[in-house]
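# Close look at the chain arrangement
So you can see what is in the structure, the chains are spelled out below.
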Amino acid sequence: MGTETVQSGVFDEGTDLRREQRGWYFYDWACSVYSTSVLTVFLGPYLTSVADHAADADGYVHPLGIPVRAGSFFAYSVSLSVILAVVLMPLVGSAADRTGRKKRLLGVAAYAGAAATTGMFFLDGDRYLLGGLLLIVANAAQSVALMLYNSYLPQIAPPEERDTISARGWAFGYVAGSLVLIVNLVLYSAHDSFGLSETEAVRICLAGAGLWWGAFTLVPLRRLRDRGGRTGGAAAPGLRQLAATARDMRRHPLTLSFLLAYLVYNDGIQTVISQASVYGSEELGLGQSTLIGAVLMVQVLAVAGALTMGRLARTYGAKRTILGSLVAWTVTLAAGYFLPAKAPVWFFALAAGIGLVLGGSQALSRSLFSHLVPPGKEAEYFAAYEMSDRGMSWLGPLLFGITYQLTGSYRSAIISLVAFFVIGFALLARVPVRRAIGEAGNPVPQKI
C-alpha cells in the first residue's frame, strides 16, 4: 500500500475509525488463546502422548510410511505448518491487495483455524495423524490471518498513533490468553470434580480455544472495513512483489544484515515457546497444572519485561539491550538443560527468566528494524519482515525434532537451541546500526 493511499480518506472519519480500532483489538483477543492454550500448553504434550500410544515397540510412528520418533512428531508438524503458511501468505496477501476483500479473506483464514482447533476435541486414542493434520491447518491459518490482521494497522491508525494502537492489541491478546488459561487450569486440575477424565479435560480445553477464536472473530469482522483494491491490470502476484522488495533490499545491505540476525535469534525464541511444554512434560515429568501455571507466569512477566527493557533501551540503546537479552536467553536455556526432573519450583524459575526477556526482545527488534526501513517503503519492507520471519521459523522446531530423533534426549534438544542465540548475537553485534539508519535515509536517534 502506498503512502498516498494511507493518508487519503482513511483518517478523516473520527468515530468510525475509533470503532474500527476497537474491533481490530478484538482479533488479538480472539486468536491469542490458540497460541497460549493450544500451541504453548496443551497440544504439544497431548499430541505426543497420542503418538506414543500409536507407536511401535521401538517408539516410532509411521506417517506415510516414514519412521518418526513419537516424541518428534509434534515438532515436525509445526515445521510443516510453517512451510504451508509461507507458501500461502504471498498468494493470499496479493489477492487481498488486488481485490480489496481483505476482511473476507481474514474471515476465511480465521474460521479455518478455529474449525481445525475445535476439531481437536476428536483427537483421542491413537489418532496422531488427525492431530498432525489439524495442527498443520490451524497453525497455517493463524499465520495467514495474522498477516491480514497486521496489514490493517496502517489503514486504521495514523503514524503517530500506531505504537499505542499496536500495543493495545498486544495487551488484549495477553489478557485473553491469561484469562482462558486460568479457566483451563481450574478445569484440568479439578477434572474429577466435573466428572471428566484427564484426557477429556484436555480435549475440552483444546476445543474451547477454537470456539473462543471463532466467537470473538465476529467482532472485527463486523467493525473492520474493506478498502478498494488496486486498479488496472491483474497486478503482480505476491511472490513477484516479494522478489521486487528483495531486489530493493540489496541496495541496503546493512538492513539485510540486521534482518538476518533477527531471523536467526527469533527462530530460537519461537521454538522455545512452542517446545517448552513438551520439555517440561516429557523430560522433567511435570503435570499440566504446573505447565499452565508456568505459562501464566510468562504471560504476566512478558509485559513487565517489555516495559523494563524499553526503559533500558532509552538509557543504553535498543541494540545493546537486545544483545543483553540474547545473553539472558542463552543463560536461561543453559540452566534449563540442568533442571532436575519433578522439581516444579525450578521450572517456574526457568519460566520467569523466559518471561522477563520474551516480550522485550521481540518488541525492541521490531522498533529497531523500523529505523532501518527506507522512507516510503514501510509496508513492503514489513511485509518481507513478516514473510521472512515465518520462512525461517521452521528451522528451530526441525533442529529440535532431529536432535531428539538422533539422541532420544529432550535435554540435548533444548540445549541445541542455544546455537540460534549465539549466532544471532554474533550477527547483530556486527551490524553498525547508526550507519545503517543513515544509509536508509532516516535520522539517527540519540540512543540506538
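Residues numbered from 1 in each chain as written. Predicted model: local features only at pLDDT ≥ 70, side-chain atom pairs only at ≥ 80, totals over all residues. Heavy atoms only, no water.

### Concerning the overall build of the protein chain
The secondary structure content of the protein chain amounts to 18 helices and 2 strands. The buried share among the 448 residues of the protein chain stands at 51%. If you take every contact in the protein chain between residues at least 6 apart in sequence, the share linking residues at least 24 apart comes to 82%. Total accessible area on the protein chain stands at roughly 19000 Å², and carbon and sulfur atoms take up 63% of it. (Helix = DSSP H or I, 4+ residues; strand = E, 2+ residues; numbered from the N terminus. Buried < 20%, exposed > 50% of the residue type's maximum accessible area, 1.4 Å probe, protein only. Contact = heavy atoms within 4.5 Å. Areas by Shrake-Rupley, 256 points an atom, 1.4 Å probe, with all protein chains shown as cover.)

### Brief notes about the pattern of salt bridges
Enumeration over the complete set of coordinates arrives at 5 salt bridges. Where Arg225 meets Glu20, a salt bridge forms, and the shortest distance between an N and an O atom there is 3.5 Å. Residue Arg225 is found in the loop between helix H8 (198-223) and helix H9 (238-249), and its partner Glu20 is found in helix H2 (residues 15-54); the two are separated by 205 residues along the sequence. Given a relative accessible area of 2%, Glu20 falls into the buried group. (Salt bridge = Lys/Arg side-chain N within 4 Å of Asp/Glu carboxyl O.)

### Overview of the packing of aromatic side chains
Scanning the model with the defined rule gives 20 aromatic pairs in all. Ring geometry for Phe26 versus Phe172: centroids 5.6 Å apart, planes at 80°, classification edge-to-face. Taken together, the positions of Phe26 in helix H2 and Phe172 in helix H7 (residues 162-189) put the pair 146 residues apart, joining distant regions of the chain. Using a relative accessible area of 28% as the deciding quantity, one classes Phe172 as partly exposed. Measuring from centroid to centroid gives 4.1 Å for Tyr404 and Tyr410, while their planes differ by 25°, and the two rings are stacked. (Phe/Tyr/Trp six-rings, centres within 6.5 Å; stacked < 30°, edge-to-face > 60°.)

### Details of the side chain of Ser77
With respect to the secondary-structure elements, Ser77 resides in helix H3 (residues 73-99). By relative accessible area, which is 4% here, Ser77 ends up buried. Here Ser77 is in contact with Gly132, Leu135 and Ile136, once residues within four sequence places are set aside.

### Quick look at the packing of helix H4 (residues 102-118) against helix H5 (residues 128-151)
Between H4 and H5, whose axes approach to 8 Å, the crossing angle comes to 150°. What the angle tells us is that H4 and H5 run roughly antiparallel. Read as a crossing pair, H4 and H5 show a hand that is left-handed. On H5, the residues touching Lys102, Leu105, Leu106, Ala109, Ala110, Ala112, Gly113, Ala116 and Thr117 of H4 are Leu134, Val137, Ala138, Ala141, Val144, Ala145, Leu148, Tyr149 and Ser151. Class assignment of the residues belonging to the contact of H4 with H5 gives a composition of 14 nonpolar, 3 polar and 1 charged. (Axes fitted to C-alpha atoms, helices over the stretch in contact; angles between N-to-C directions. Parallel < 35°, antiparallel > 145°, perpendicular 65-115°, else oblique. Left-handed = near helix turned anticlockwise from the far one by under 90°. Nonpolar A, V, L, I, M, F, W, Y, C, P; charged D, E, K, R; others polar.)

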